[in-house]
Amino acid sequence: MARIPHIALISAVAFAAAVAVATQMNDYLLYVVILWAIFASLAVSFDVLLGYTGYLSLAHGALFGLGAYTGAIMTTRAGAGFWLALPVAGLVTAGVAMVVALIAFRTRGLYFAVLTLGIGLIGHQMFLVASGLTGGVLGFAGIPGPGVPSWLPIDQNLWNTCLALALLLVTFLAAQVFVRSRLGAACIAVREDMTLAQALGIGISRARLSAFIFSGFFTGLAGALFAAINNFVAPESFTVLGTGFQLVALVVVGGMGTLWGPILGAALLTALPEALRMASGYSMLAYGVLLLVFILFAPKGFAGLIQRGAAVLRRPATRKLSPTKEGVR
Amino acid sequence: MLDLFLQQTVNGLALGSTYALVALGLTLIFGVLLIPNFAHGEFYMVGAFLTYALVMAGLNFWLAMALGALAVIALGCLIDLVAFRPLRGAPPLSLMISALAASIILQQTATLIWTSEARTIPTPVTGVLRTPFFIVTWMQVVVMASLILSVAAIWAILNRTRLGLAIRATAQNHDAALLMGISMVQVRLATFAIGAALGAIAGALLGATFPIYPTMGVNPVLKAFVVLVLGGIGSLRGAVLGGLFLGLVEVMVAGYLSTELQDIGAFTLLVLVLLIRPQGFFGTAQVER
Amino acid sequence: MSLLSLHNLGVRFGGLRAVSDVSLTVEQGQIFGLLGPNGAGKTTLVNMISGLIAPTEGSITFADEAGGPWPIDQAVRRGIVRTFQQTRAFLGLTVRENLRIAGIAAASAPPTDELIAAFHLEPVLDRPAGDLNYATLRHLGIALALSLRPRLLLLDEPAVGLTGAEVDRLAQLIRDWNGRGVTVLLIEHNVRFLMALSHRVAVLDRGRLLFQGTPAECRANPQVIDVYLGRSAEHA
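Residues numbered from 1 in each chain as written. Chains lettered and ligands numbered in written order. Predicted model: local features only at pLDDT ≥ 70, side-chain atom pairs only at ≥ 80, totals over all residues. Heavy atoms only, no water.

*Asks:* Explain the overall build of chain B to me, using residue names and the numbers behind them.
*Replies:* For chain B, the count of helices and strands is 11 helices and two strands. Secondary structure elements in chain B, listed N-terminal to C-terminal, are α-α-α-α-β-β-α-α-α-α-α-α-α. Dimensions of chain B, computed from the C-alpha atoms along their principal axes, are close to 60 × 50 × 35 Å. Burial status across chain B gives 55% buried among its 289 residues. If you take every contact in chain B between residues at least 6 apart in sequence, the share linking residues at least 24 apart comes to 76%. (Helix = DSSP H or I, 4+ residues; strand = E, 2+ residues; numbered from the N terminus. Buried < 20%, exposed > 50% of the residue type's maximum accessible area, 1.4 Å probe, protein only. Contact = heavy atoms within 4.5 Å.)

Written as structure tokens, this is what we have:
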């Protein structure tokens, strides 16, 4: 496993390169990059739960919404600045995620998925019903964007892009630290064999709870940034079968339990509909088909395919041995 | 007062009958094959839309429903073949994800074909039956009668046929059934066929009362999962009783509290049940500390 | 000095009494063998001591601390660690990752290098545990438990399915680690293996303790011969 300083260095270089490339992009391309970066950070933090801990949550669409609405309310009604609203949205979402997790982790497997699906539906319903706070079905308009610092000679779109990329960078590094910690190792133990994990004295409740809260926090941050950049949010962005399902697709297609795979997954699944100029109906269909194809034929996702390809390239010498052996027979 | 209560009870039983029909198919597939078929809601949805399309093409409702059910049986077996059978022996998480993908694919395909606009199937039977205590529409009678007929048919298949015996054996012990030479292909086909047919019938019947749209299957399938938890996985009796109970609870909540709370009531019930008995009321409790 | 004492330990599942009224004492440094036919309640007893299931009656004392059994995480913290009859390791992870994860709950640094050497895991370190052969997997299962530096190691039928030579190697490993201060409670129905290893044995039959004493006394006990030993001893 690569070590954290190396990963941090490579990520920082990638971030700088992405920003440099972004300066040359037009507004449409910047918009696609922002979309990718936000969904990639969502997918990375979701991977900590789905890929490392093995629990399929369908409540994360609603948690994303919670972060978005919290950010929106903070920056409008409460009059807070973006830089205060962002962490508050993360913390509020993490808090709610903790409550959800305490309920949901009483179950496992299918029941966990069904229970979080129910919670996701209730959450979405709440965004519609609590129209005094959320604007109901019409949505929440007039959310102030993250202002460009006066000393920076760049326009709003480029700044938004930098923020979205920065969020991805921070989420990715935090996730790397998390999965390498004792808690992360405990999460893997939970995923692999819960009874054995218990027998080895591993605190499984604490591990999976932390994974859920971790993903909740970064989902909240992504939500608040999403709201600020769009200046508008509506419940339709936070449905179980929309965002909640998309997250599963991004992570599985990218490669569960790798953290970098979901970033690729997000790139593929964000770029594809844009490149093909698909109507949204077709893009969801494409998500479904891709998810099915990957879970059937490449359950380790894009990352797994890349790893396998790299392994084949690295081992030409050992490969040569086997034909001779068979030739003798 | 009593009249209102009786009336609500009848309405609740009618609503619960459709839940029970959906839950029966879901619990059969899950109980026998251990497949968490999220796409079951889409069997229900496709059943409703095919019935709608055929009725619009001029067919009689009952014929349309039967043809729709046949088509959904074929669809069910196709879904099994494509999405589930290749995953035999894979971890349950893969099955869940695959089911989720199948569900989305069917929903989106239906949206492309029929758009997301809500439609209604013309009710095949109209009029009401008045009794001194309550009023029941003939359609409600049909729904409840369908549940009774379906349960009787499933019971007969499971208990009076060789295939039914094979299905029950598989549900009891999958490996032992294999050792006894039971053909898993037949069992899978039959289980999916029965499950899909039940879903399609429920969809057609409910579509004659309520609007139909491509994501109409989501709530019922989730409620069917609630019913499964209530009634115990794989228990047909549990599915029927749980379905009726859920219908009653929802109608009572809507009648005595508020209509807006109806769905939230069902999901709250789900959360409560899972909190009290994470393995359901009739499921086996697992020791976990 | 006694390390573990069971006081009238018992459990019922519904109406079924799986284990009842079991009292015994394991001395510090011993290898204590628990013998019994299938279904005698041996694994249930281990499940209770290790905290995987709660007894309905009785209690245990461990290292002079009364009030057990404790839930599994607390039991592990006190130094009671178990293995499983169906050998458990994290099958999707490599041997190296298995050992790393097994050590995370250890109070002090796990003796990973010694375990790798003692259990001959060096050549397979980067292989997934799911690809190991049966005997190596067994070794890994025990090595995982030993990562926690247990005071009491509960071994649930470690010799099942092993060939004669493999059984002998396993016996030597258990003796070695016992020699380094690990008290062992060994559950088996391989009589020869158990008798050869144990300082003291007990026989469980239909949930009750039938006998407790030295291996020699056990062999001579008419009751034990009657219900269990006689039959198996002929085959052993």
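Once the structure has been displayed, the description carries forward.
*Asks:* Help me get a handle on the interface of chain B and chain A, residues and values and all.
*Replies:* On the side of chain A, 39 residues touch chain B, which itself brings 38 residues to the contact. Counting the surface lost from both chain B and chain A, the interface buries some 3600 Å², and carbon and sulfur atoms represent 81% of this. Counting the contacts that link chain B with chain A gives zero residue pairs in polar contact (both at pLDDT 80 or more). Only helix 3 (61-84), helix 4 (92-114), helix 9 (218-231) and helix 11 (261-276) of chain B provide two or more residues apiece to the side of chain B that touches chain A. (Buried area = accessible area lost by both parts, 1.4 Å probe. Polar contact = N/O pair within 3.5 Å; in protein donor to acceptor, adjacent residues only side chain to side chain.)

*Asks:* Give me the lowdown on the confidence of the model for chain A, citing residues and values where you can.
*Replies:* For residues with low pLDDT, the predicted coordinates do not support detailed interpretation. Averaged over every residue, the pLDDT of chain A is 88; residues scoring 70 or more account for 94%. Note on residues 318-329 of chain A: pLDDT is under 50 here. Beyond four places in sequence and across chains, it has zero contacts. (pLDDT = per-residue confidence, 0-100.)

*Asks:* With reference to specific residues and values, describe the UniProt feature "transmembrane region" (unreviewed entry) in chain A.
*Replies:* Cross-referencing UniProt, the feature "transmembrane region" (unreviewed entry) maps to residues 30-50, 55-74, 80-105, 112-138, 158-179, 211-233, 245-272 and 284-306 of chain A in the present numbering. Helix makes up 75% of residues 55-74 of chain A and strand 0%. Its end C-alpha atoms lie 31 Å apart. (UniProt positions renumbered as here; feature names shortened; annotations may be inferred.)

*Asks:* So, the sheet that holds strand 5 (residues 65-68) of chain C: which residues are in play, and what are the values?
*Replies:* Residue and element names in this part refer to chain C. The antiparallel open sheet is built from four strands, whose spatial order is 2-1-4-5. Strands with a single pairing partner mark the edges of an open sheet, and in this sheet they are strand 2 (16-27) and strand 5. Direction aside, the axes of adjacent strands within the sheet are offset by 20° on average. Across five bridges, strand 1 (residues 2-13) lies against strand 4 (residues 57-62) in antiparallel orientation. Paired with Ser-5 across the two strands is Thr-61, which belongs to strand 4. Sheet strands in contact with helix 1 (residues 42-49) are strand 1, strand 2 and strand 4, and its direction is about 115° off that of strand 1. (Pairing = 2+ DSSP bridges. Axes fitted to C-alpha atoms, helices over the stretch in contact; angles between N-to-C directions.)

*Asks:* Describe the packing of helix 5 (residues 138-160) of chain B against helix 10 (residues 236-257) of chain B, with residues and values.
*Replies:* Residue and element names in this part refer to chain B. Relative to each other, helix 5 and helix 10 sit at 170°, their axes nearing to 11 Å. It follows that helix 5 is roughly antiparallel to helix 10 by the angle criterion. Taken together, the residues of helix 10 that come into contact with helix 5 (itself represented by Leu-147, Val-151, Ile-154 and Leu-158) are Leu-236, Val-240 and Leu-244. Residues of the contact of helix 5 with helix 10, tallied by class, amount to seven nonpolar, no polar and no charged. (Parallel < 35°, antiparallel > 145°, perpendicular 65-115°, else oblique. Nonpolar A, V, L, I, M, F, W, Y, C, P; charged D, E, K, R; others polar.)

*Asks:* How would you explain the packing of aromatic side chains if you had to name every residue and give the values?
*Replies:* Residue and element names in this part refer to chain A. Applying the stated criterion to the full structure yields 22 aromatic pairs over all chains. Aromatic pair Tyr-55 and Phe-112: ring centres 4.7 Å apart, planes at 65°, arrangement edge-to-face. Of this pair, Tyr-55 sits in the loop between helix 2 (27-53) and helix 3 (60-75) while Phe-112 is found in helix 5 (residues 109-129), placing the two residues 57 residues apart along the sequence. Just as Tyr-55 is buried, Phe-112 falls in that class too. Relative to Phe-226, the ring of Phe-64 has its centre 5.1 Å away and its plane inclined at 50°; by these criteria the two rings are tilted. Here Phe-226 lies in helix 10 (residues 204-230) and Phe-64 lies in helix 3, a separation of 162 residues in the sequence. The exposure class assigned to Phe-64 is buried, which follows from its relative accessible area of 0%. One aromatic cluster is present, formed by Phe-39, Phe-64, Tyr-69, Phe-127, Phe-226 and Phe-238 through successive ring pairs. (Phe/Tyr/Trp six-rings, centres within 6.5 Å; stacked < 30°, edge-to-face > 60°.)

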